[in-house]
Amino acid sequence: MPVATNVGIIYRSTAFSIYLMTQSIFNVIASNQPQTWQEILSDLITDPKELVEALNLNLDSKPVSMAELRKFPLKVPRPFVLAMKKGNWSDPLLRQVWPSKEEDIKKEGFSPDPLKEKEVNPVAGLLHKYQGRVLLTTTSLCAVHCRYCFRRHFDYDSNSPSREHWKNAITYIKNDSSIREVILSGGDPLAASDRQLSWLIERLESVQHIETLRIHTRIPLVLPQRLTLNLSNLLRKTRLKVVIVIHCNHAQEITDLVKAGLNLMSECGIVLLNQSVLLAEVNDSSEILAELSQKLFSVNVLPYYLHMPDKVTGTVHFSVSRSKALAIVKSMQAILPGYLVPQLAQEEPEKPSKTHLI
Ligand SMILES: *Cc1c(COP(=O)(O)O)cnc(C)c1O
Ligand code: SF4
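Residues numbered from 1 in each chain as written. Chains lettered and ligands numbered in written order. Predicted model: local features only at pLDDT ≥ 70, side-chain atom pairs only at ≥ 80, totals over all residues. Heavy atoms only, no water.

Caption draft 1: Structural view of the overall build of the chain. Looking only at helices and strands, the chain features 15 helices and nine strands. Split into buried and exposed, the 358 residues of the chain put 53% on the buried side. Once local pairs closer than 6 in sequence are excluded, the contacts in the chain between residues at least 24 apart make up 82%. Roughly 16200 Å² of accessible area belongs to the chain as shown, and the carbon and sulfur atoms make up 54% of that amount. (Helix = DSSP H or I, 4+ residues; strand = E, 2+ residues; numbered from the N terminus. Buried < 20%, exposed > 50% of the residue type's maximum accessible area, 1.4 Å probe, protein only. Contact = heavy atoms within 4.5 Å. Areas by Shrake-Rupley, 256 points an atom, 1.4 Å probe, with all protein chains shown as cover.)

So this is what it looks like as structure tokens:
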């Protein structure tokens, strides 16, 4: 990346005091990088040492869990690192991706597959758990590895989709006319190429009873370069009603580049919603979540769910008690209009919907 490096050097040497200004200036500069999203995706940070050095931190002060790192490697796109504050181990974005030693903590009630997803997996790559909606594992790839992820132990190898898998999934969808909505999930569905998405959308469009295409993705936050004109054109032309549910956990994730990408999506009539996970020491306060709702609304995104973290092995340090969660949402109700308060929900096996806690 010679261009980016030169810009960085000039920037630092000519105006060191400006260097201390807001993170958004950095992002504007970063946005001038000619890198495509595919290039960024093939050049992720995977070495904990590289990540901490980019943030002026020292690995000795915060050991990693080697066992968990091996099972679920570190993966962070560089644009997301630019949104982190330097020199701060408590940065809420860093905490979401850091394979902390705390992942070794064991606790009763935490298991590798708390949602028992294996049991609602009728065809590889497809989950049919709730009426009228099916969830398709579009790709097993993610642009980032979120340490709280409930799919961190998911059997992606046997659910790694190929066209063959998709064909079986589409046959299943065709044969059940009660299905009105197809949810693309993953992994991260936007890690798939436009060509793959377009192939899939065309097949789904040809199924008459499908009305809505929903895309659940974290990529708009961690790799906003993915929100290209080409993608927006592809989603604009389908007859399906398109909903994108972004997975944003903290207002700091919404950089200028993220805003620009989301604007592009809302301008073509896509409904934008947000789902967050309630995470200890990331966003477990009503002030942080209220700021998130307000910032999301400024870019036409409405809050949808606030999820209790799933009880997945390795994520004990992210737990928030139910009573604290309820108190947080109650105080959000007191300071925000109703449409900016997300629904506090929990995913439980063998229930006809997500459990609404309030
Ligand atoms: C969350 C989820 C859905 C969608 O549920 P909504 O309440 O419609 O957002 C569908 N299928 C599965 C397997 C899910 O986990
Ligand atoms: S992007 Fe989603 S599926 Fe991928 S690791 Fe993060 S939470 Fe899990």
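Once you've had a look at it, read on.
Caption draft 2: Looking closely at unusual backbone geometry. Cis geometry is adopted by the peptide bond preceding Gly 187, which originates at Gly 186 and carries an omega value of 15°. Within the secondary structure layout, Gly 187 lies in the loop between strand E3 (181-185) and helix H10 (194-205). Non-glycine residue Glu 281 carries a positive phi angle of around 60°. Relative to the elements of secondary structure, Glu 281 occurs in the loop between strand E6 (271-277) and helix H14 (286-298).

Caption draft 3: Structural view of helix H15 (residues 322-335). Taking 1.5 Å as the rise per residue, H15 with 14 residues should run 20 Å; its terminal C-alpha atoms sit 20 Å apart, in good agreement. Among the residues of H15, Ala 325, Ile 328, Val 329 and Met 332 are the ones counted as buried. Seen from one end, H15 has its buried residues packed into an arc of 90°, which puts them on one side. In this structure, H15 carries Ser 323, Lys 330 and Ala 334 as exposed residues pointing more than 90 degrees from its buried face. Buried-residue contacts for H15 involve H14, strand E7 (302-307) and strand E8 (343-346). (Expected span 1.5 Å × (residues − 1). Arc of directions from axis to C-beta.)

Caption draft 4: Structural context of the site of ligand 1. All residues in the neighbourhood of ligand 1 are listed as Lys 129, Tyr 130, Arg 133, Leu 135, Ile 183, Arg 214, Tyr 304, Tyr 305, Glu 347 and Lys 354. In the model, an oxygen atom of ligand 1 is placed 2.6 Å from a nitrogen or oxygen of the Arg 133 side chain. Between ligand 1 and Tyr 305, the relevant distance is 2.7 Å, taken from an oxygen atom to a side-chain nitrogen or oxygen of the residue. Protein chains shield 92% of the accessible area of ligand 1, which is 380 Å² for the free molecule. Sorting the residues of the shell around ligand 1 by element identifies strand E1 (126-130), strand E2 (133-137) and E7 as the ones contributing at least two each. A breakdown of the residues in the shell around ligand 1 according to their chemical character gives five nonpolar, no polar and five charged. (Near = heavy atom within 4 Å. Polar contact = N/O pair within 3.5 Å; in protein donor to acceptor, adjacent residues only side chain to side chain. Nonpolar A, V, L, I, M, F, W, Y, C, P; charged D, E, K, R; others polar.)

Caption draft 5: Region of the structure containing the environment of Lys 106. On the secondary structure map, Lys 106 appears in the loop between helix H8 (92-97) and E1. Residues Lys 106 and Val 316 lie 210 residues apart in sequence; the distance between their C-alpha atoms is 7.2 Å.

Caption draft 6: Representation of the packing of helix H12 (residues 229-236) against helix H13 (residues 256-267) within the structure. With their axes 9 Å apart at the nearest point, H12 and H13 run at an angle of 25° to one another. On the basis of their axis angle, the class for H12 and H13 is roughly parallel. As H12 packs across H13, the resulting crossing turns out to be right-handed. Listed contacts from H13 to Leu 229, Leu 231, Ser 232, Leu 235 and Arg 236 of H12 are Leu 264, Met 265 and Glu 267. Its residues assigned to classes, the contact of H12 with H13 comprises five nonpolar, one polar and two charged. (Axes fitted to C-alpha atoms, helices over the stretch in contact; angles between N-to-C directions. Parallel < 35°, antiparallel > 145°, perpendicular 65-115°, else oblique. Left-handed = near helix turned anticlockwise from the far one by under 90°.)

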